[in-house]
Structures are given as structure tokens and as C-alpha cells.
Amino acid sequence: MPTVCVNADSELLGRLVDNLVDNAVRHNVDGGTVRTAVRAVPDGVELVVANTGPKVSPAEVDALFEPCHRATRGAGDDRGFGLGLAIVRSVATAHHGKIDATANPDGGLTIRVTLPLHY
């Protein structure tokens, strides 16, 4: 398997990956799955994290990246403070990358982070 490298701050990149995977696990359904992939793309690297969580309205997806925004929660549901995806977006932006999220038709999200080889 080829090695894919990107010029990035290792601590910030680690936080980005940790937050994406933590969110995918935390906001999933019982018995659900989390898929991750990293691949080279023209002039960069793409990280994809997808889960089988509850359905998310496509209209709500962009708001999930706003600080302190959380999807609708049930009573007693302790799922964090709504900062994880805001941090992910900030790290991607700091590295001149881009982030794209899509609500999966059967539930959950697919998030793609693309980082340039050099920033």
C-alpha cells in the first residue's frame, strides 16, 4: 500500500482525525458502523469518515460545523458540546484544505476532508 504524506501540523491533524472518528462513533446507532479511508487525490490527500448514525436532514448538515451546534437530541442524551466538527473545520481551513459533509440516505454522515500536499 503506498504511503500518503501531507505537510501539516501533526498535533492539529491528529485532533482533526480524533474528532472525526469520535463523532462518528458517538453519533451512531447501536450496532452501527464507522468507515474510514485515506487516499491520494490530485495535489492532496483525502480523508473520509462515514457512519450509520441517525438520519440527519440535508438542510442541517452545514450547521453541524458551527460551534456549539448539535443535532436534535433526546432527553438525557449526553453527546458533547457541539465543538468537534467546528474544530475539524478550523484545522482543515488552517491547512488550506476543504471539508464536505453529506447526509447519508439511510442515516449518518459521510465527511470528506481534503488537504493540499503543501500549505
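Keep in mind the model is a prediction, meaning the values are calculated, not measured.

Okay, the sheet that holds strand 3 (residues 98-103) next. The 4 strands lie next to each other as 1-2-4-3, forming an open sheet whose pairing is antiparallel. Taken across any chain shown, the strands that pair with only one partner, and hence form the sheet edges, are strand 1 (34-41) and strand 3. On average, each strand axis in the sheet is inclined to that of its neighbour by 15°, with strand direction left out of account. Examined bridge by bridge, strand 3 and strand 4 (residues 109-116) share 6 bridges and lie antiparallel to one another. Following the sheet pairing, Ala101 is matched in strand 4 by Ile111. Strands in contact with helix 2 (residues 84-94) are strand 3 and strand 4; relative to strand 4, the strand with the most contacts, it is inclined by about 25°.

Turning next to helix 1 (residues 10-26). Taking 1.5 Å per residue as the helical rise, helix 1 with its 17 residues ought to reach 24 Å, and the 24 Å between its terminal C-alpha atoms agrees with that figure. Taken residue by residue, helix 1 has Leu16, Asn19, Leu20, Asn23 and Ala24 as its buried positions. An end-on view of helix 1 places all buried positions within 125° of arc, on one side of the element. Of the exposed residues in helix 1, those oriented more than 90 degrees away from the buried face are Ser10, Glu11 and Val25.

Rules of the game
- Residues numbered from 1 in each chain as written.
- Predicted model: local features only at pLDDT ≥ 70, side-chain atom pairs only at ≥ 80, totals over all residues.
- Heavy atoms only, no water.
- Pairing = 2+ DSSP bridges.
- Helix = DSSP H or I, 4+ residues; strand = E, 2+ residues; numbered from the N terminus.
- Axes fitted to C-alpha atoms, helices over the stretch in contact; angles between N-to-C directions.
- Contact = heavy atoms within 4.5 Å.
- Expected span 1.5 Å × (residues − 1).
- Buried < 20%, exposed > 50% of the residue type's maximum accessible area, 1.4 Å probe, protein only.
- Arc of directions from axis to C-beta.

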